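# Examination of the molecular architecture
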Amino acid sequence: NTVVPDPYMDEIFHIPQAQRYCEGNYHEWDPKLTTPPGLAFNAFVLSSFPVNWFYTFLYYTDSGSTFFVLWAYLLALKRQFWMSAMVSGVGVLFRQTNIGWVCFTLGVSIVDVLSDDNFSNKHFHGILRPVKEKNIGYVIGIQEIFNFALIALRNLVELIIIFYPYLLVLLSFIYFIIWNGGIVL
């Protein structure tokens, strides 16, 4: 390329890997690559979503990553926690930093369940009643965090039973970091 003659970003790792695949050598893997084989193709397939189409060529894992994060969040909003956790796990395979979105989805789901009158009256001791004012001071904010922690601790066993699929994803990720010696593949 005359505009960018030197390798850009991580091409120095991807090009030799692609050449090995073209030669039929599927057993040799460059450890500096952070994306498992096949995800680029899956991202390309998912890129047919028109909104993501224009960004797919910038970061090829973004389409798949975004798709699975949003799908997991939608499933959590529908309280399909087991399926949401499984989809979240796939999202983490696309991009390891999606573990943050797994934690976000888990946290939002816990607040949602603990503050739902219909759900909480049947299963939980106490109900979370978040303050819905626009301007919350520091004192009220700290009280809200304390109340959330207290109600969550009172209902810890029930929360673990409901949200254990997310805990499996989080524990698997921690195991991966220990086994791999870092966050990247």
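Now for a description of the structure that goes with this document. (Residues numbered from 1 in each chain as written. Predicted model: local features only at pLDDT ≥ 70, side-chain atom pairs only at ≥ 80, totals over all residues. Heavy atoms only, no water.)

## Remarks on the pattern of salt bridges
Following the criterion strictly, the structure yields two salt bridges and no others. E28 serves as the salt-bridge partner of R20, at 3.8 Å between the closest nitrogen and oxygen. Judged by relative accessible area, R20 falls into the buried class, the value being 17%. For E28, a relative accessible area of 40% gives the class partly exposed. Its salt-bridge partner being R79, residue D112 comes within 3.2 Å of it at the nearest N-O pair. With D112 in helix α6 (residues 99-114) and R79 in the loop between α4 (62-77) and α5 (81-94), the pair connects residues that are 33 residues apart, well separated along the chain. (Salt bridge = Lys/Arg side-chain N within 4 Å of Asp/Glu carboxyl O. Buried < 20%, exposed > 50% of the residue type's maximum accessible area, 1.4 Å probe, protein only. Helix = DSSP H or I, 4+ residues; strand = E, 2+ residues; numbered from the N terminus.)

## Quick word on the nonpolar core
By size, the foremost hydrophobic cluster in this structure holds 18 residues, and its most contacted members are I99, V102, F163 and Y166. When near neighbours in sequence (up to four residues on either side) are disregarded, F163 contacts F81, L106, S109, I110 and V113. With five residues, the next largest nonpolar core counts A72, L75, V87 and F94 among its residues. (Core = buried A, V, L, I, M, F, W, Y, C linked by side-chain atoms within 4.5 Å. Contact = heavy atoms within 4.5 Å.)

## Thoughts on the packing of aromatic side chains
Per the stated rule, a full pass over the model turns up eleven aromatic pairs. Ring plane angle 80° and centroid distance 5.0 Å describe the contact between F67 and F68, whose orientation is recorded as edge-to-face. Ring geometry for W82 versus Y164: centroids 5.8 Å apart, planes at 45°, classification tilted. In this pair, W82 is assigned in helix α5 and Y164 in helix α9 (residues 156-180), connecting sequence segments 82 residues apart. Members of the aromatic cluster, joined through ring pairs, are F67, F68, W71 and F94. (Phe/Tyr/Trp six-rings, centres within 6.5 Å; stacked < 30°, edge-to-face > 60°.)

## Some remarks on the packing of α6 against helix α8 (residues 138-154)
Look at α6 against α8: their axes get within 11 Å of each other, and the N-to-C directions meet at 80°. Viewed along their axes, α6 and α8 adopt a mutual orientation that is roughly perpendicular. Contacts from I110, V111 and L114 of α6 reach α8 at F148, I151 and A152. (Axes fitted to C-alpha atoms, helices over the stretch in contact; angles between N-to-C directions. Parallel < 35°, antiparallel > 145°, perpendicular 65-115°, else oblique.)

## Focus: the side chain of S65
Tracing the sequence through the fold places S65 in helix α4. Residue S65 is classed as buried on the basis of its relative accessible area, which comes to 6%. A polar contact is formed between the side chain of S65 and the side chain of N98, at a distance of 2.8 Å. With sequence-adjacent residues up to four places away left out, S65 is seen in contact with F94, R95 and N98. (Polar contact = N/O pair within 3.5 Å; in protein donor to acceptor, adjacent residues only side chain to side chain.)

## Some details on the side chain of N98
For N98, the location among the structural elements is in the loop between α5 and α6. Given the relative accessible area of 5%, N98 is considered buried. In contact with N98, other than residues within four places in its own chain, are S65, V69, G91 and V92.

## Here we look at α4
Over its 16 residues, α4 extends 22 Å from the first C-alpha to the last, a length consistent with the 22 Å expected when each residue adds 1.5 Å. Those residues of α4 that fall on the buried side of the exposure criterion are S63, G64, S65, F68, V69, A72, L75 and A76. (Expected span 1.5 Å × (residues − 1).)

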